[in-house]
Every structure is written in structure tokens, then in C-alpha cells.
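# Structural overview
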Amino acid sequence: MKSFTAFILFTSLSSSIGFLSTEQEATLDNLINSVIQRPNRIPGLGISIVKQITGEENYSVFTKGYGNSDVEYAVPVFNNTRFLIASISKSFTATVTCKFLHDTFPQHGESVLDIPIVQLAPNYQFVLSDSRFRYIQEKCGFRSRFEYSNNMIILAGEIVSHLSGAIPFDDMVRNLFERLGMDDSLIVDAVTDYETLSRMSRGYYLMPDGILRKLNATHYNGNSGAASGGVISTLLDMAKYMEFHLNEGMINGIQVVPKEVMQWLRSPSNFVEFTGWRLSDSGERGSGNFAYGLGLDLGIHRGWQRIAHDGDLSPFTARMSLFPVKKLGVFSFSNGPGPLPFQSGHEFLGNQVFDLIENQLEEKQFDKAFTNRKPEKAINCKVRTDPKRPKIQASELAGVYGHPYEGLFQVMYDGNASTPLSLQYGKRGTGLLSETEETNIYKIEWFGEILSLFYSYNGGQPLLDTLLQLHH
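The text that follows walks through the structure, step by step, so that each part is easy to find. (Residues numbered from 1 in each chain as written. Predicted model: local features only at pLDDT ≥ 70, side-chain atom pairs only at ≥ 80, totals over all residues. Heavy atoms only, no water.)

## Brief notes about the packing of aromatic side chains
- Tallied over the entire structure, the rule returns 15 aromatic pairs.
- Judged by centre distance (5.8 Å) and plane angle (20°), the ring pair of Phe 83 and Phe 331 falls under stacked. In this pair, Phe 83 sits in strand 6 (residues 83-84) while Phe 331 sits in strand 18 (residues 328-334), placing the two residues 248 residues apart along the sequence. No difference in accessibility class separates Phe 83 from Phe 331, as the two residues are buried.
- Put simply, the rings of Phe 92, Phe 177, Tyr 241 and Phe 244 touch in pairs and so form one group of aromatic residues.
- Sitting above the plane of the Trp 304 ring, Lys 326 keeps its charged end 4.4 Å from the centroid. (Phe/Tyr/Trp six-rings, centres within 6.5 Å; stacked < 30°, edge-to-face > 60°. Helix = DSSP H or I, 4+ residues; strand = E, 2+ residues; numbered from the N terminus. Buried < 20%, exposed > 50% of the residue type's maximum accessible area, 1.4 Å probe, protein only. Lys NZ or Arg CZ within 6 Å of the ring centre and 35° of its normal.)

Below is the structure:
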């Protein structure tokens, strides 16, 4: 794999005509250049802003790219550069799912979201892909607290596909792309060569020694499917998607999704501990999230309602921030080197763009229906373990664990109790298991291609020890 030095052009390289003044664009350039340089070391970043101008029905769009989508060949970030939006894909899943339920069960209204699946799909047969799941120790009681779960989002797509008469869920999402005019957006599959896909951005990660490297694009294939995080999009397409949300399901004068269904997405389904901070001693809230809707985080910034979601399939990271009252949307993405610090990441950038465009340095009294409701206390769930659990012999550990989505985890025993166990995780994860002083706790030493993913998700920092806890 080739290595790349930090030679990156940090000036803006692509722009479309928008609504920012010359002074505002210069301020934005300075802001983004400060974000992408050290310590973040971002190879390339793109931003898309949509704003409904007072008195006009249509939205003005501003897009701009900074740095490179391909460092090796000095390819700039353009407004049609393709990149992974990761978990922002969940908002597409929520939109498609809610529209389908509304259209299929109109008699129930929003209450359809609370009807047990067994009543909506009495013939649906749930089968655990690995029967050993039933023996996994419970972390929390069922429906006792909110948990962000990729697998449950994927399951929702599978159930909707079943209810539709076996229309593949990815095709349902592609239909939404078509109706919104998102002509450049794709869904990751297991066979496409993303190294050669037209206009596809490359992803980059940092080695602990500070060298920037390109991630092997075959890693993207492992994120196939739209439901949880497999959408590929562009700055221009995401502008259309933001306009669709800000217009409550309408685009180009066509109500693609009913307004009431769009409200389902942005209604609090799970209140959480407020994740922001106070702006003043008077106790006014600053910026942060207070609830999760359906595929969308619900929060505030300077007192204004903010609907957002982050995406992280490192080294790609992204965020969409919508400010419905202001009819303003901000989307940004980066192609490395992994998760960014909050003080200079995508949420920070979205908030700063809001302040720049709206000149909002004072707070607004936010809707009491949202901010006055006490967040639900997070339940402190602890994994219950048996301190007297018997030791599992190395020969008993051999076998295949896991399931196809997360990847099969195979432990292999060579018959020699004095040598480490070997393991295979998916296609590229290889390593050794070594016993620790704690009973049934093993340290994993990883080798090969999977290390690049770990460096991506760790932001270039040295890897922490990986431990595996095993149970009967």
C-alpha cells in the first residue's frame, strides 16, 4: 500500500454559485481551513448549504470542496464527488419505513409505530442467525432504555421488505432517490469495485507515526445495504435531501412524503440526557441533543430547533444539521482520517455556519414543549457476570461465532494447549488469542489488513488492547 505525506492543498477548489456574500464566503473558507488542518489532518472536506430566501419558494444552494478527494492524483473535492454518508443513511430508512407503514396501514395513523410487529406481520418468521445469541447475558431489560442499534435498523428494513411483498428494501430507498432527483446517489453492494467507481472519493487514515495512508476500498463492500449506513451520495444530492426535509416532504412542488409522516420522524421517541452545555449562569441551554426521533437526533443550537444526524464509517465522517424554523440546512463530509474532535468536527462546523448565515449570537426562547420536559434518566445497566464461572478450556473455544452482518468470528485450536488460539474475523481480520490472568478473558493481537480499519476508527492514535470475554 502506498503512503502519502501531508502535502494537501487546503484552499477551496470547487464551488457552485450560492447565496453567501463575499465576506461570508471568506469567513467560511477561513473556518474550514482551520478545521481541516492540524490537528485534524483532513485530506478533503465538502460542504453543502441550503437556505430558503425570504419571500421565495425555492431554496438557494451553496456547495464547496476543500482539499482532495484523491490525494495520490490530486483530485479535488467537487460538488458531485461521491462519498459514504454512513449512519445518515438511517434517516432514509426511517423515511421509507414510515411512508410505507402510513400507506399500508392508514387506519392506524402514527400509532402504527407502536403496534407489535407480530400483529402487522403475523406470518413473519423470526429466526436467529446464530442460535447461541439466546445465551448471551442480558445487558439491559427489554425496552428499558434507548440503545443505538445498527442491527435493529437493518431488521426494520427486512420487515418492511417482507410486508411489501418481498420488494428489496434497497430498491425502496432507490425509489426515494429517484423521486427526490438524487441521481448520483448509490447504495453500497458487496461486488462493486469502489477503487475505480467514477467520482468516488478515497478514504485516508493516519498511522501512529503520522503518515497518511489510503484505505483499501474493498473495505467499503462490507457495509452493503442501505438500511444502516450504506448510502453513497454527493454534495448536490444531499442539498436536495435537505430541501426535502426542510419542506416537510415536498420537493419541486410535489409532496413525496405526507407532512404528517415527516413529523413522525422529528417527534421525540426517546428523551436522553441533554448532551450539550449551558451558555450562561441563568441556566439557558446551549447546543446539544435532548432526544432521538426516528433516524434523526433532536436538539437545539442557541435556542433554535435543530434536527441532525452524524455519519461515521471511518475514515469517512459526515453530518447533516437542519434548522427548520430558519429553513436552513448544512451538510459536511470528510474523507479522513477518522472521528474528529467535537471542538473542530462536523457538529461544530454546522453550528458555526448557522451563526455565520443567521448572524445569531443571541439565544431564542425555544419551544417549551421540548425543553421543559425532563429527560429520562439513563438506566445504568451492568453486565451480570458470575465471579465463580468455570474456566473454559482452549479446545472448547474452537468454533464459529457471530452473524453475517457484523462478520463471522472463527476461533481455531491447533491441538497444542501451550500455543495461542488463532482467529479469523470476516475476510481480513486475523489474529491470536492469548490468555490473561483473569478467567476466560483473552487479549487479541491483530494482524494484516484489519489494522487499517482500527487506525481509521481510532483517528491515528495507538491501538488500545483488545480484550475478548467468553462465557459458557
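Read on, since the account is not over.
## A look at a nonpolar patch on the surface
- On the surface, a cluster of nonpolar side chains totalling about 300 Å² of accessible area is made up of Tyr 73, Val 75 and Phe 78.
- The topology assignment puts Val 75 in strand 5 (residues 75-76). (Patch = residues over 30% accessible without salt bridge, like charges linked within 9 Å, V, L, I, M, F, W, Y side chains within 5 Å. Areas by Shrake-Rupley, 256 points an atom, 1.4 Å probe, with all protein chains shown as cover. Salt bridge = Lys/Arg side-chain N within 4 Å of Asp/Glu carboxyl O.)

## A word on the packing of helix 2 (residues 89-104) against helix 6 (residues 235-246)
- Running from N to C, helix 2 and helix 6 point in directions that differ by 45°, and their axes come no closer than 13 Å. As the angle between them shows, helix 2 and helix 6 are arranged oblique. Seen along the crossing, helix 2 lies across helix 6 with a hand that is left-handed. Contacts from Ser 91, Phe 92 and Thr 95 in helix 2 reach Tyr 241, Phe 244 and His 245 in helix 6.
- In terms of residue class, the contact of helix 2 with helix 6 is built from three nonpolar, three polar and no charged. (Axes fitted to C-alpha atoms, helices over the stretch in contact; angles between N-to-C directions. Parallel < 35°, antiparallel > 145°, perpendicular 65-115°, else oblique. Left-handed = near helix turned anticlockwise from the far one by under 90°. Contact = heavy atoms within 4.5 Å. Nonpolar A, V, L, I, M, F, W, Y, C, P; charged D, E, K, R; others polar.)

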